[in-house]
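# Residue-level structure breakdown
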Amino acid sequence: KLFSNTTLTYSRYSFHTDFGIASTQSTTSGNENYNLNFCYLSGIEDLGARIDFDYTPNPNHDIKFGSSYTHHYFFPGETNLNFSIDYPIDSQDINLDTTLNFSGNTNVDEMFFYFEDNVNITNRLKANIGLHIGYYAVSNNTSMYTQGLLGKITDRDNFSFQPRVSARYLLNEDWSIKASYAKMQQNIHLLSNSSVGFPSDIWVPAVESVPSQTSEQWAANVTTQLYNGQFELSLESYYKTMNNLITYKAGYSNLESTEDWQNAVESGGEGESYGAEFFLQKKKGATTGWIGYTLSWSNRKFDNINFGEWYPYKYDRRNDFSLVISHKFNERWDIGATWVYGTGNAITFPQTVYLSMPQISWDDEISVSSIESYGNRNSTRLPSYHRLDFAINKHSKKQNWSSTWTLGCYNLYNRKNPWFAYLDYENNNRVAKQVSLFPILPSISYRIQF
């Protein structure tokens, strides 16, 4: 009646940007060489242990409980800058090698205990009732500077109580309705850059000045079986509220600033996400698959961002569509295809350009520069994302083992999906360009099972 599973984990995530710029300027004494090397490193390293139990005292109860401990090691942001100038002969060279934006590495201990019960209340009504109890604390750091920088976690932030409940009711053999509620807390913040240029996603811990994020989510669902169970149709809607969100301050760039990350963010933000999903699945027959479509919104609001007005989140995806089809010809051959489509990410992009006031230089030359106005935050969309994947499988069965050859292709029609966009000059004109990853990628694999 009792089953347990123990897991030991180690993981490391690092965001590393490294690039250089070199230029040469001709002078009467010779050439001056300028070299700039830039390196930005941020990440998180985790070491943890977890034990889960599954207990079934009788057919009406399936009880799950367990506990987990994780030690997080954060290195939120370190910028190394090397700048050198090589002057012509008879002059002294300049070399600068420094570390900027060093925000202090942080050790964090996080634990939780959970309990949930899948209970059959009646033949038609089934419920899942659970509670998640979390503990979070910043460990002592060796550096007194780092301790003062991070502050302390207040007592009320150390423990969190997060209830969850969901229920399903069978109206008849073909129709069912579901509803759920969950309260959650996240102690690790994801800082995402949604401005023009190279994207950055870094993880930072919750501290006194930047408390943990909290959320509440409600969802409702109706499901029906069609044509004797060959098809399943479901409609679902959800609404989620979020508090204590963080984001970069207006105009901030982690590639240029020497500020600690805590001084570079706006905290105390609000968020809301809501939407509806349509899902139709064919479950039986030689040809199976599904169609899924989600219409959703995800917005954010900060007092000092976007004039205190709501704006779309970077990963706000208005339309999300997927089509999956697989067909089995016989016991040896089958094929599958997947097509996905999604609205492009929201980014902050220049909306207009205007000229500055004329300026007179020391040699009486008049210059006028152009200034870009970005408008509202995340008011521009990258091009939509879509691609087609395809695979064909050949199966072979022997007495004691079986094998499968798979010939597949990712992004079959070589769609140049945008990863990020940046501004550049082309023929003295300001233009927008995009960087794409993962073109058409054919693959072949062989699997043996015994």
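Report follows, based on the coordinates. (Residues numbered from 1 in each chain as written. Predicted model: local features only at pLDDT ≥ 70, side-chain atom pairs only at ≥ 80, totals over all residues. Heavy atoms only, no water.)

## Examining the overall build of the protein chain
If you tally the helices and strands in the protein chain, you get two helices and 28 strands. Taking all contacts inside the protein chain whose residues are at least 6 apart in sequence as the whole, residues at least 24 apart take part in 64%. Carbon and sulfur atoms form 55% of the exposed surface of the protein chain, whose accessible area is close to 26900 Å². (Helix = DSSP H or I, 4+ residues; strand = E, 2+ residues; numbered from the N terminus. Contact = heavy atoms within 4.5 Å. Areas by Shrake-Rupley, 256 points an atom, 1.4 Å probe, with all protein chains shown as cover.)

## Side note on the nonpolar core
In this structure, Phe15, Phe38, Tyr40, Leu191, Ile202, Val204, Val207, Val210, Ile246, Tyr248, Trp261 and Val265 together form the largest nonpolar core, which totals twelve residues. Contributing elements (two or more residues each) for this core: strand 2 (30-58), strand 10 (201-205) and strand 12 (231-248). Counting seven residues, the second largest nonpolar core, distinct from the first, contains Val108, Tyr136, Ile188 and Ala206. (Core = buried A, V, L, I, M, F, W, Y, C linked by side-chain atoms within 4.5 Å. Buried < 20%, exposed > 50% of the residue type's maximum accessible area, 1.4 Å probe, protein only.)

## A closer look at the pattern of salt bridges
For the structure on display, the rule yields twelve salt bridges. One salt bridge in this structure joins Asp52 and Arg50, with 2.9 Å as the shortest N-O distance. For Asp52, a relative accessible area of 16% corresponds to the buried category. Among the salt bridges present, the one from Asp62 reaches Lys64, with a minimum N-O distance of 3.8 Å. Judged by its relative accessible area of 23%, Asp62 falls in the partly exposed class. Among the charged side chains, a salt-bridge network with shared partners connects Asp54, Asp62 and Lys64. (Salt bridge = Lys/Arg side-chain N within 4 Å of Asp/Glu carboxyl O.)

## Looking at the side chain of Gln162
Following the sequence through the fold, Gln162 ends up in strand 7 (residues 159-170). Gln162 gets classed as buried once you look at its relative accessible area, which sits at 4%. Here Gln185 takes part through its backbone nitrogen, which lies 3.0 Å from a polar atom of the side chain of Gln162. Residues in contact with Gln162, not counting those within four places in the same chain, are Gly130, Leu131, His132, Lys183, Met184 and Gln185. (Polar contact = N/O pair within 3.5 Å; in protein donor to acceptor, adjacent residues only side chain to side chain.)

## Considerations on the environment of Val108
Note on placement: Val108 falls in strand 5 (residues 106-120). In this structure, the C-alpha to C-alpha distance between Val108 and His71, residues 37 residues apart in sequence, is 5.8 Å. What Val108 contacts, discounting residues up to four positions off in sequence, is Thr70, His71, His72, Phe74, Tyr136, Ala137, Val138, Ser139 and Pro205.

Interpretation in functional terms is not warranted from these geometric data alone.
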